[in-house]
Amino acid sequence: MNPTDPPNRCRLVLIAPPDAAPARLVAALAGGDVASLILPAWRMDDDAFQRQAEAVAPAAQAQGVAVMVAGDARIAMRAKADGLHLETGKSALADAVARHQPKLMVGAGGAATRDEALELGEARPDYLFFGRFGYDNKPEPHPRNLRLGRWWAEMIQIPCIVLGGSAIDSALAVAETGVDFVALASAVF
């Protein structure tokens, strides 16, 4: 490796839990090499979600952490977030990529098979996410997500994120697959 090559390491993505106060989210960013924070709306109405995104985005960005708003481009743009995370089909994803890149990063989730992942990848998102928010209730990562992440990382250039489990050491199992990012929620919060 020469000094101009980027380090080959798996970085951390945090997923905000339901009802997390902005101060708690920002404090969690100091816990390691956090690349980004995904903000799902969970059960919040649009106004509450907007307030959370506007409170968290500048503080996270000041720490070098990209903020991805899940599911709502208007809120992402109003909050001056870095990107938009979508759990949608190829057509809607392609539309979002065409409308919002390069102003916003556009990431995709929701693929449970190789075929679904490849279909989403054809829309050229900035990353693909394997796992489902709120489904990290076991200590270890879901085996299917690990298999998909390993396969994707070996075959495709688009970065991927794999959801870890509820134990902090589940991040190691994800990192060993060669993926770019491990996502943690319940293990941190």
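See the structure printed just above.
Let me sum up the structure you'll find in this document.

### A word on the overall build of the protein
And then number 1: For the protein, the helix and strand inventory stands at 7 helices and 8 strands.
And then number 2: Across its three principal directions, the C-alpha atoms of the protein cover 40 × 40 × 35 Å.
And then number 3: Taken over 189 residues, the protein has a buried fraction of 47%.
And then number 4: Relative to all contacts within the protein whose residues are 6 or more apart in sequence, the contacts with residues 24 or more apart total 53%.
And then number 5: Surface summary for the protein: the accessible area is close to 9500 Å², and the carbon and sulfur share equals 52%.
And then number 6: Positive and negative charge centroids in the protein, built from 18 and 22 side chains respectively, lie 2 Å apart.

### Observations concerning the nonpolar core
And then number 1: With 50 residues, the main nonpolar core has Leu14, Leu37, Leu39, Leu93, Phe130 and Trp152 as its most contacted residues.
And then number 2: When residues in this core are grouped by element, the largest group, 5 residues, is from helix 2 (residues 46–62).
And then number 3: Discounting residues that sit within four places of it in the chain, Leu37 has contacts with Leu14, Ala16, Leu25, Leu29, Val56, Val65, Ala66, Val67 and Met68.
And then number 4: Listed in part, the 12 residues of the second largest apolar core include Val13, Met68, Ile161 and Ala185.

### Section: helix 6 (residues 143–155)
An α-helix turns once per 3.6 residues; consequently, residues spaced three or four apart project the same way.
And then number 1: For helix 6, with 13 residues, the first-to-last C-alpha span of 18 Å sits near the 18 Å given by 1.5 Å per residue.
And then number 2: Turning to helix 6, its buried residues number three or more, namely Asn145, Leu146, Leu148, Gly149, Trp151 and Trp152.
And then number 3: On its buried face, helix 6 sits against helix 5 (114–121), strand 6 (127–130), strand 7 (160–163) and helix 7 (170–175).

### Points about the pattern of salt bridges
And then number 1: Per the stated rule, a full pass over the model turns up 7 salt bridges.
And then number 2: Note that Asp33 and Arg9 form a salt bridge whose closest N and O atoms lie 2.7 Å from each other. Within this pair, whereas Asp33 is found in the loop between helix 1 (22–28) and strand 2 (34–39), its partner Arg9 is found in the segment before strand 1 (11–15), the two being separated by 24 residues in sequence.
And then number 3: Among the residues examined, Arg9 registers a relative accessible area of 44% and is labelled partly exposed.
And then number 4: Note that Asp72 is salt-bridged to Arg74, the shortest N-O span being 3.4 Å.
And then number 5: Residues joined by salt bridges that share partners form a network here, namely Arg9, Arg11 and Asp33.

### With respect to the environment of Leu12
And then number 1: Inspection of the secondary structure puts Leu12 in strand 1.
And then number 2: Relative accessible area serves as the criterion here: at 17%, Leu12 is assigned to the buried category.
And then number 3: Sequence-wise, Leu12 and Phe181 are 169 residues apart; in three dimensions their C-alpha atoms are separated by 5.6 Å.
And then number 4: Dropping the residues within four chain positions of it, Leu12 is found in contact with Asp33, Val34, Ala35, Ser36, Val182 and Leu184.

### Focus on the pairing of strand 1
Within a regular beta strand, the side chains point alternately toward one face of the sheet and then the other, so they alternate between its two faces.
And then number 1: Here strand 1 lies mainly inside the structure; 4 of its 5 residues are buried.
And then number 2: Pairing between strand 1 and strand 8 (residues 181–184): 4 bridges, direction parallel. Paired with Val13 across the bridge in strand 8 is Ala183.
And then number 3: Bridging between strand 1 and strand 2 involves 4 bridges; their strand directions are parallel. Residue Leu14 lies in a different strand from strand 2, and its bridge partner there is Leu37.
And then number 4: Viewed along the sheet, the connection from strand 1 through helix 1 into strand 2 turns out right-handed.

What counts, and where the lines are drawn
- Residues numbered from 1 in each chain as written.
- Predicted model: local features only at pLDDT ≥ 70, side-chain atom pairs only at ≥ 80, totals over all residues.
- Heavy atoms only, no water.
- Helix = DSSP H or I, 4+ residues; strand = E, 2+ residues; numbered from the N terminus.
- Buried < 20%, exposed > 50% of the residue type's maximum accessible area, 1.4 Å probe, protein only.
- Contact = heavy atoms within 4.5 Å.
- Areas by Shrake-Rupley, 256 points an atom, 1.4 Å probe, with all protein chains shown as cover.
- Lys, Arg positive; Asp, Glu negative; His and termini not counted.
- Charge placed at Lys NZ, Arg CZ, Asp CG, Glu CD.
- Core = buried A, V, L, I, M, F, W, Y, C linked by side-chain atoms within 4.5 Å.
- Expected span 1.5 Å × (residues − 1).
- Salt bridge = Lys/Arg side-chain N within 4 Å of Asp/Glu carboxyl O.
- Pairing = 2+ DSSP bridges.
- Right-handed = clockwise from strand over helix to strand, strands pointing away.

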